[in-house]
Amino acid sequence: PCTLPILTPSAAWDGLIIKDARISTLPGGPRVDELLPGSPMTVAVDIIVEPESDGRARAGDVKVVGMGAGDFPIFVLGADKHIGSARVPDELGHWRVTFEVPSLPPLHCKITLAVSVSDPTTGQVRAVTRFNETVAITGRHTTGIVELIQHVAVEQTEGDGAQP
């Protein structure tokens, strides 16, 4: 599920800190507050792994949820899509996980990010943080979240001018 508790940025669990999550167009690029459909999107997540109370370092699989109004999930990146591909190792240090999306779909919404780190064996969430920054994805359409390509036909079915 994509439901995450609302927490403050940099919330720390025993030995695990989700320090930052930011959206840019390209890896290493500056934060953005607006993106356009068709453009690339990069989400970078910084995580600090410190010793837990037993002295061991434990991290896990990273998942990012881009949430719209009411914390409704718009997209999910990471652990549940490609298991193990976004895994921070059980080693002390500062780690950055970078997700690259080559081309955004035709969306029109504002999103905030929530990040979770789960135990790779049990799936239990070990850390979660919801960030407050909002990024607008500004589609060409003015209503709805997703722009659909559509073909429309209008034809008269009864009355004057109807085709037999």
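Located above this text is the structure these notes cover.
None of the values given here were measured: they were computed from a predicted structure.

(A) Representation of the overall build of the chain. Along the backbone of the chain there are 0 helices and 11 strands. Put simply, the chain has 164 residues, and 41% of those count as buried. Once local pairs closer than 6 in sequence are excluded, the contacts in the chain between residues at least 24 apart make up 69%. For the chain, the accessible surface area stands at approximately 9,800 Å², while carbon and sulfur atoms represent 54% of it.

(B) Inspection of a nonpolar patch on the surface at higher detail. On the surface, Phe72, Ile145, Val146 and Leu148 cluster together to form a nonpolar patch covering roughly 400 Å² of accessible area. Position of Ile145 among the secondary structure elements: in the segment after strand 11 (135–137). Given the relative accessible area of 36%, Ile145 is considered partly exposed.

(C) Layout of the side chain of Thr112. Assignment of secondary structure puts Thr112 in strand 9 (residues 109–118). Non-local contacts of Thr112, meaning those with residues more than four positions away in its chain, are made with Val65, Gly66, Met67, Arg130, Phe131, Asn132, Glu133 and Thr134.

(D) Structural detail: the pattern of salt bridges. For the structure on display, the rule yields 9 salt bridges. Measuring nitrogen to oxygen at the nearest pair gives 2.6 Å for the salt bridge that ties Asp46 to Arg96. Taken together, the residues Asp46 in strand 4 (residues 41–49) and Arg96 in strand 8 (residues 93–101) connect sequence positions 50 residues apart. Accessibility expressed as a relative area gives 14% for Asp46, which makes it buried. The salt bridge involving Arg87 is made with Asp61; its shortest N-O contact spans 2.7 Å. Here Arg87 is found in strand 7 (residues 87–88), whereas its partner Asp61 is found in strand 5 (residues 60–67), with 26 residues between them in sequence. Residue class for Arg87 comes out partly exposed when judged on its relative accessible area of 39%. Overlapping salt bridges bring together Asp20, Arg22, Arg31, Asp46 and Arg96 as one network.

(E) How the structure looks around the environment of Ser39. The topology assignment puts Ser39 in the loop between strand 3 (34–35) and strand 4. Considered as a pair, Ser39 and Ser103 are 64 residues apart in the sequence and their alpha carbons are 5.0 Å apart. Apart from the residues within four sequence positions on either side, Ser39 is in contact with Pro102, Ser103 and Leu104.

(F) Fine view of the pairing of strand 9. Counting buried positions over the 10 residues of strand 9 gives 9, a clear majority of the element. Note: strand 9 against strand 11, 3 bridges, orientation antiparallel. Within strand 11, the residue paired with Lys110 across the bridge is Ala136. Summarising the sheet, strand 9 and strand 10 (residues 125–130) pair through 5 bridges and their orientation is antiparallel. Note that in strand 10 the partner of Ala114 across the bridge is Arg130. As consecutive antiparallel partners, strand 9 and strand 10 are separated by 6 residues, and within that stretch Gly123 has a phi angle of approximately 80 degrees, a positive value.

(G) Up close: unusual backbone geometry. Phi at Asp71 is positive, roughly 60 degrees, even though this residue is not glycine. Among the structural elements, Asp71 can be located in the loop between strand 5 and strand 6 (73–78).

The rules behind these values
- Residues numbered from 1 in each chain as written.
- Predicted model: local features only at pLDDT ≥ 70, side-chain atom pairs only at ≥ 80, totals over all residues.
- Heavy atoms only, no water.
- Helix = DSSP H or I, 4+ residues; strand = E, 2+ residues; numbered from the N terminus.
- Buried < 20%, exposed > 50% of the residue type's maximum accessible area, 1.4 Å probe, protein only.
- Contact = heavy atoms within 4.5 Å.
- Areas by Shrake-Rupley, 256 points an atom, 1.4 Å probe, with all protein chains shown as cover.
- Patch = residues over 30% accessible without salt bridge, like charges linked within 9 Å, V, L, I, M, F, W, Y side chains within 5 Å.
- Salt bridge = Lys/Arg side-chain N within 4 Å of Asp/Glu carboxyl O.
- Pairing = 2+ DSSP bridges.

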